[in-house]
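Summary of structural features
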Amino acid sequence: MSKLNLEFDPDHPNIEDYLHTDSIQEPLGKLRLHDLLDISPTLTEAVGAIVDDSFTRCFKSNPPEPWNWNVYLFPLWCLGVVVRYGILFPVRVLILTIGWIIFLSCYIPVHVLLKGHDKIRKKLERALVELICSFFVASWTGVVKYHGPRPCARPKQVFVANHTSMIDFIILEQMTAFAVIMQKHPGWVGLLQSTILESVGCIWFNRSEAKDREIVARKLREHVEGADNNPLLIFPEGTCVNNHYSVMFKKGAFELGSTVCPIAIKYNKIFVDAFWNSRKQSFTTHLLQLMTSWAVVCDVWYLEPQNMRPGETAIEFAERVRGIISVRAGIKKVPWDGYLKYSRPSPKHRERKQQSFADSVLRRLEDK
């Protein structure tokens, strides 16, 4: 029996497309697809597992092919490790330490002493947040090329971008002090969120709290109405995706009645994969991975602002903007909700179901 084509394409979910006409040999007559449907419960679960496999590809890091395992290149690779960990990493730690010293020595006096002068205090705090983000990018030897006009603060305007890592925010923030909508994190990241980033108007939420959605929606509307507020940045995918795919955009950013300004972010993986898999590594580990690489190479495009068309729904508007970002960044649109990442069955469970399906098909063929 020839092999089935199990490379699933989300754009062609019909199972008949994956069954070759000559793939089944049996002497008693031609076995048709409806014969397989006798095992429809198992078939349904198995197809679901195949779909889930294509979904997980959106959240998997794709390491480059190893190039160093031969007698000629291995010594060069070892030399590179010594340079990256023994020279570059200590220098980058020093750069980041100096950045924090400068930032805190300026931020604390500004935040405390200028409480009665909100306008100048906010302006200085925005500049300092941009400064510390620049130090972060320098600590990775970030090579970032920005395309298009720099964003500016205007009422009734919201910026949306594809999301690969928390460093997306840092890369964008070093150019413009955005107020971002972001998941509340624990540890030192959460401390920064609740102190320093609060000063630029950032809004935090917790996925597990249903009430947070109503509160965030209200804060979003209030923020976009304010003429003096920082530009609002939203990552509508709601989770980090590996920069090869784009999952569905949440419609909240597109229901505000505001102009939507798309931002496309594309990382070059020549030196390091910037994708952050928060389920497998902490953000501290992710930063260390970036700081021990040669460089982080990235392109950022500020694209043409978009408005909702007459008769267009928020979901259609979100899909149109997602298409614009995907084309510019060279990533593939897939019809999955990124929040399923937090409720997927375990890999072992999927493997058991796949094996069960394979056994059922083989028994069916043997009975024929």
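If you're wondering where the values come from, they're calculated on a predicted model, not measured in any experiment. (Residues numbered from 1 in each chain as written. Predicted model: local features only at pLDDT ≥ 70, side-chain atom pairs only at ≥ 80, totals over all residues. Heavy atoms only, no water.)

1. Focus on the overall build of the protein
Counting secondary structure elements, the protein contains 10 helices and nine strands. Out of the 368 residues belonging to the protein, those deemed buried represent 42%. The long-range share in the protein, meaning contacts at least 24 apart out of those at least 6 apart in sequence, stands at 75%. For the protein, the accessible surface area stands at approximately 20000 Å², while carbon and sulfur atoms represent 60% of it. (Helix = DSSP H or I, 4+ residues; strand = E, 2+ residues; numbered from the N terminus. Buried < 20%, exposed > 50% of the residue type's maximum accessible area, 1.4 Å probe, protein only. Contact = heavy atoms within 4.5 Å. Areas by Shrake-Rupley, 256 points an atom, 1.4 Å probe, with all protein chains shown as cover.)

2. Side note on the pattern of salt bridges
Evaluation of the coordinates by the stated rule reveals seven salt bridges. Note that Asp273 and Lys269 form a salt bridge whose closest N and O atoms lie 3.6 Å from each other. Overall, Asp273 belongs to the buried group, its relative accessible area being 11%. It is possible to trace a salt-bridge network through shared partners that takes in Glu319, Arg322 and Lys333. (Salt bridge = Lys/Arg side-chain N within 4 Å of Asp/Glu carboxyl O.)

3. A short note on the packing of helix H3 (residues 74–113) against helix H8 (residues 283–291)
The relative placement of two packed helices comes down to the angle between their axes together with the axis-to-axis distance. H8 packs onto H3 with a crossing angle of 120 degrees between their chain directions and a minimal axis gap of 10 Å. Classed by the angle they form, the pair H3 and H8 counts as oblique. Contacts between H3 and H8 pair Phe89, Arg92, Val93 and Leu96 from the former with Leu288, Leu290 and Met291 from the latter. (Axes fitted to C-alpha atoms, helices over the stretch in contact; angles between N-to-C directions. Parallel < 35°, antiparallel > 145°, perpendicular 65-115°, else oblique.)

4. Overview of a nonpolar patch on the surface
A cluster of nonpolar side chains, Trp67, Trp69, Phe74 and Trp77, forms an exposed patch at the surface whose accessible area comes to about 480 Å². If you trace the backbone, Trp77 turns up in helix H3. (Patch = residues over 30% accessible without salt bridge, like charges linked within 9 Å, V, L, I, M, F, W, Y side chains within 5 Å.)

5. Quick look at the nonpolar core
With 58 residues, the main nonpolar core has Trp140, Ile167, Leu172, Leu233 and Ile263 as its most contacted residues. In terms of nonpolar packing, the next biggest core, distinct from the first, is built from 26 residues, Val158, Ile181, Leu256 and Ala318 among them. (Core = buried A, V, L, I, M, F, W, Y, C linked by side-chain atoms within 4.5 Å.)

6. Here we look at the sheet that holds strand S7 (residues 259–268)
By definition, the strands of a sheet pair up through backbone hydrogen bonds, in either a parallel or an antiparallel sense. Taken in spatial order, the seven strands of this open sheet run S1-S8-S7-S2-S5-S3-S4, and their pairing is mixed. Two strands lie at the open edges of the sheet, namely strand S1 (142–147) and strand S4 (203–205), each paired on one side alone. Averaged over all pairs of adjacent strands, the angle between strand axes in this sheet comes to 20 degrees, irrespective of strand direction. When strand S2 (residues 157–161) meets S7, the two strands line up parallel, connected through five bridges. (Pairing = 2+ DSSP bridges.)

7. Quick notes on the confidence of the model for the protein
Mean pLDDT over the protein works out to 80, with 79% of the residues at or above the 70 mark. Per-element confidence in the protein ranges from a low mean pLDDT of 52 for helix H1 (residues 33–36) to a high of 95 for strand S8 (residues 296–302). Counting contacts from residues 1–6, a segment whose pLDDT is below 50, to residues more than four positions away or on other chains yields 11 contacts. (pLDDT = per-residue confidence, 0-100.)

8. Notes on the environment of Gly323
Looking at where Gly323 falls in the secondary structure, it is placed in helix H9 (residues 314–329). Given the relative accessible area of 16%, Gly323 is considered buried. Distance in space between the C-alpha atoms of Gly323 and Ser246 is 8.9 Å, their sequence separation being 77 residues.

9. A word on the packing of aromatic side chains
Enumeration according to the criterion identifies nine aromatic pairs in this entry. Where Phe103 meets Tyr107, the ring centres are 5.2 Å apart and the plane angle is 20 degrees; that geometry is what we call stacked. Pair noted here: Phe103 and Tyr107 are both in helix H3, with a separation of four residues, about one helical turn. For Tyr107, a relative accessible area of 6% translates into the label buried. When the ring of Phe254 is compared with that of Phe317, the centres are 5.4 Å apart and the planes differ by 80 degrees; the resulting orientation is edge-to-face. Of this pair, Phe254 sits in the loop between strand S6 (245–246) and S7 while Phe317 is found in helix H9, placing the two residues 63 residues apart along the sequence. The residues Phe254 and Phe317 share a single accessibility class, namely buried. By way of ring pairs, the aromatic residues Trp100, Phe103, Tyr107 and Phe136 are connected into one cluster. (Phe/Tyr/Trp six-rings, centres within 6.5 Å; stacked < 30°, edge-to-face > 60°.)

10. Quick look at the side chain of Ser293
Within the fold, Ser293 resides in the loop between H8 and S8. Take Ser293: its relative accessible area is 5%, and that puts it in the buried class. Here Leu290 takes part through its backbone oxygen, which lies 2.7 Å from a polar atom of the side chain of Ser293. With residues up to four places along the chain from it excluded, the contact list for Ser293 reads Arg84, Leu88, Arg92, Phe271 and Val272. (Polar contact = N/O pair within 3.5 Å; in protein donor to acceptor, adjacent residues only side chain to side chain.)

11. Side note on unusual backbone geometry
In this model, Thr141 sits at a positive phi of 50 degrees, which is unusual for a non-glycine residue. Topologically, Thr141 is positioned in the loop between helix H4 (118–139) and S1. The backbone of Asn243 sits at a positive phi, close to 70 degrees, despite the residue not being glycine.

12. What about the environment of Ile87?
Here Ile87 is to be found in helix H3. Residues Ile87 and Thr292, spaced 205 residues apart in sequence, show a C-alpha to C-alpha distance of 9.7 Å.

13. Considering the side chain of Gln281
Among the structural elements, Gln281 can be located in the loop between S7 and H8. Engagement of the side chain of Gln281 in a polar contact is seen with the side chain of His286, the distance being 3.3 Å. Sequence-distant contacts of Gln281, that is, excluding residues within four places in its chain, are made with Phe275, Trp276, His286 and Gln289.

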